[in-house]
Amino acid sequence: LAFGKARKGMVVHFEFVPGSGTQLLVNGERKGNVLPGEDFYNAMLAIWLGEQPVDKSLKAGLLGAQ
């Protein structure tokens, strides 16, 4: 990984920048290269918010449902 091992308290943020691509930030610091296009970002969103998320209760929580 571009940021090594994930640790408790670490904030990992995938950000899509139109015209540029997806960038990875760890604790607010950009890591690695920008991935061009929207495909990677859309795939990451689908993992958590798609039709078949990895965790349905997490999806509900991310969307504010209780």
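Residues numbered from 1 in each chain as written. Predicted model: local features only at pLDDT ≥ 70, side-chain atom pairs only at ≥ 80, totals over all residues. Heavy atoms only, no water.

What the protein chain contains, in helices and strands, is 2 helices and 3 strands. Sequence-ordered secondary structure for the protein chain, helices as α and strands as β, is β-β-β-α-α. Seen along its three principal axes, the alpha-carbon backbone of the protein chain occupies a region of about 35 × 30 × 20 Å. For the protein chain, the proportion of its 66 residues judged to be buried stands at 12%. If you take every contact in the protein chain between residues at least 6 apart in sequence, the share linking residues at least 24 apart comes to 12%. (Helix = DSSP H or I, 4+ residues; strand = E, 2+ residues; numbered from the N terminus. Buried < 20%, exposed > 50% of the residue type's maximum accessible area, 1.4 Å probe, protein only. Contact = heavy atoms within 4.5 Å.)

So, about a nonpolar patch on the surface. Residues Leu45, Ile47, Trp48, Leu49, Val54, Leu58, Leu62 and Leu63 make up a contiguous nonpolar surface patch of about 700 Å² in total accessible area. Those elements that provide at least two residues to the nonpolar patch are helix 1 (39–49) and helix 2 (56–62). With respect to the element layout, Leu45 can be found in helix 1. You can call Leu45 partly exposed: its relative accessible area is 34%. (Patch = residues over 30% accessible without salt bridge, like charges linked within 9 Å, V, L, I, M, F, W, Y side chains within 5 Å. Areas by Shrake-Rupley, 256 points an atom, 1.4 Å probe, with all protein chains shown as cover. Salt bridge = Lys/Arg side-chain N within 4 Å of Asp/Glu carboxyl O.)

This next bit is on the environment of Gly61. Assignment of secondary structure puts Gly61 in helix 2. Classification of Gly61 as partly exposed rests on a relative accessible area of 39%. Through-space distance from the C-alpha of Gly61 to that of Thr22 is 24 Å; in sequence the pair is 39 residues apart.

Honestly, it's all geometry; don't read function into it.
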